[in-house]
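Results of the structural survey
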Amino acid sequence: MSEEKYIVFSVKNKLFGIDTMMLINVVNTPEVVRLPFVHSELKGVMLVDTGPVPVFSFADGASGKFAVLVDSQWGLLGILADDVFGIIDKESLKISEDAGSDSIGELSGRRVFRPDLKGVLDTVAGTREKN
Amino acid sequence: MGERLLIFGAGDYLFGLKLDTVLRVDTIEAPDEIKYGDRYCGTVKISNSTIPFVDLRKKLNSHLAGKPVLIRYEHPYCTLGILSDNLSGIQEIEKESLIPFPEIVVKSSRDILQGFFLKGRQVILFVNGGKLISMDDMKIIEKMTVV
């Protein structure tokens with residue numbers, strides 16, 4: 001049985017982790033087609049073989065040097081990242097006792113968050129107000 | 001059978017609008033009167049006609065100087081104008097070459113963006129002219145037209 005692993009990346013100094021079961025690719029310097037008329041967290045689309053993939057940012061001012069492509073239950077999504085730390089196994093992510101449901105654990109003393117993909121999608125679609 | 005689109009530019013974007021909805025295109029030299037309401041909507045008086053418009057130049061932070069191009073087209077509510085930066089021509093595209101946007105993009109744009117096609121490396125956004133202005137915008141315009 002394969003061990004649980006996470007792709008860990010940073011967006012504006014905040015670390016995020018996504019289960020590698022969902023990971024499709026990590027793209028360096030992604031070409032994102034910017035779009036007008038859409039929510040600011042939807043940065044545009046990336047063109048891949050299967051068609052355009054929506055690309056999101058979890059923070060204003062993120063560099064978008066990388067895009068992490070994932071196959072979520074809502075379809076293919078891209079997340080812009082400033083830096084990618086790599087694929088880390090569950091054992092290396094120190095699970096803190098006070099970690100909430102939005103947290104996966106800690107890496108080098110920094111908390112690793114579980115990205116709220118559903119929340120971002122609802123916000124962008126206009127079905128939920130941004131917090 | 002292909003679709004003929006009027007291609008125009010506003011801000012950093014190129015748009016395609018169904019040509020069969022377009023009534024007239026003018027470069028506005030010196031409008032008699034131009035009024036702005038909220039949300040980049042307004043009315044422009046040309047000769048004896050008052051034309052409601054949505055200003056895509058302002059909406060998309062265009063920094064291009066020069067005279068705007070007014071595209072008049074059939075919107076479900078009325079004849080509506082789009083103020084844009086420039087015209088790029090007419091393009092016939094095959095329906096198969098139109099790449100639909102993912103549902104989240106269509107939703108987030110409130111149905112304005114339907115898809116796009118590529119002309120070389122250029123992306124041309126196919127817009128639903130009927131959604132470029134909302135009912136709320138229309139109410140603002142109606143108030144401005146009545147006053």
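Residues numbered from 1 in each chain as written. Chains lettered and ligands numbered in written order. Predicted model: local features only at pLDDT ≥ 70, side-chain atom pairs only at ≥ 80, totals over all residues. Heavy atoms only, no water.

Some points on the overall build of chain A
Counting secondary structure elements, chain A contains 1 helix and 11 strands. Overall, chain A shows an N-to-C arrangement of helices and strands of β-β-β-β-β-β-β-β-β-β-β-α. Against the 2.2 N^0.38 benchmark of 14 Å for 131 residues, chain A shows a C-alpha radius of gyration of 15 Å, consistent with a compact globule. Every one of the 131 residues in chain A was classed for burial, and the buried ones make up 48%. Here the analysis covers contacts within chain A between residues at least 6 apart in sequence; of these, 51% occur between residues at least 24 apart. Summed over its atoms, the accessible surface of chain A is roughly 7,000 Å², and 46% of this surface lies on carbon and sulfur atoms. Looking at charge distribution, chain A has the averaged site of its 14 positive side-chain charges lying 5 Å from that of its 19 negative ones. (Helix = DSSP H or I, 4+ residues; strand = E, 2+ residues; numbered from the N terminus. Rg over C-alpha atoms; globule rule 2.2 N^0.38 Å. Buried < 20%, exposed > 50% of the residue type's maximum accessible area, 1.4 Å probe, protein only. Contact = heavy atoms within 4.5 Å. Areas by Shrake-Rupley, 256 points an atom, 1.4 Å probe, with all protein chains shown as cover. Lys, Arg positive; Asp, Glu negative; His and termini not counted. Charge placed at Lys NZ, Arg CZ, Asp CG, Glu CD.)

Quick notes on the sheet that holds strand β6 (residues 51-56) of chain A
Residue and element names in this part refer to chain A. Read across the sheet, 6 strands follow the order β3-β7-β8-β6-β5-β4 without closing on themselves; strand pairing throughout is mixed. Both outer strands of the open sheet, β3 (23-28) and β4 (32-33), are each paired with one neighbouring strand and no more. Here β3 runs beside strand β7 (residues 66-72); their pairing, made up of 5 bridges, is antiparallel. Each residue of the ladder has a partner; that of V27, found in β7, is A67. (Pairing = 2+ DSSP bridges.)

Some thoughts on the environment of L132 of chain B
Residue position: L132 of chain B is located in the loop between β12 (122-127) and α3 (135-146). A relative accessible area of 2% places L132 of chain B in the buried class. Excluding anything up to four places from it in sequence, L132 of chain B contacts F37 of chain A together with V54, L56, K59, Y73, I82 and I112 of chain B.

Let's talk about the packing of aromatic side chains
For the structure on display, the rule yields 7 aromatic pairs over all chains. A ring pair is formed by F37 of chain A and F15 of chain B, whose centres lie 5.9 Å apart and whose planes are at 40°; its orientation type is tilted. Of this pair, F37 of chain A sits in the loop between β4 and β5 (42-48) while F15 of chain B sits in strand β2 (residues 13-18), placing the two residues on different chains. Grouping residues by exposure puts F37 of chain A and F15 of chain B together as buried. (Phe/Tyr/Trp six-rings, centres within 6.5 Å; stacked < 30°, edge-to-face > 60°.)

Concerning the confidence of the model for chain B
On average, residues of chain B score 87 in pLDDT, and 93% of them are at 70 or above. ipTM for the predicted complex: 0.85, alongside a pTM of 0.86. (pLDDT = per-residue confidence, 0-100.)

Concerning the side chain of H75 of chain B
Residue and element names in this part refer to chain B. Looking at where H75 falls in the secondary structure, it is placed in the loop between β7 (69-74) and β8 (79-84). For H75, a relative accessible area of 6% gives the class buried. A distance of 3.1 Å separates a polar atom in the side chain of H75 from the backbone oxygen of G130. Beyond its immediate stretch of four places on either side in the chain, H75 contacts L80, G129, G130 and I133. (Polar contact = N/O pair within 3.5 Å; in protein donor to acceptor, adjacent residues only side chain to side chain.)

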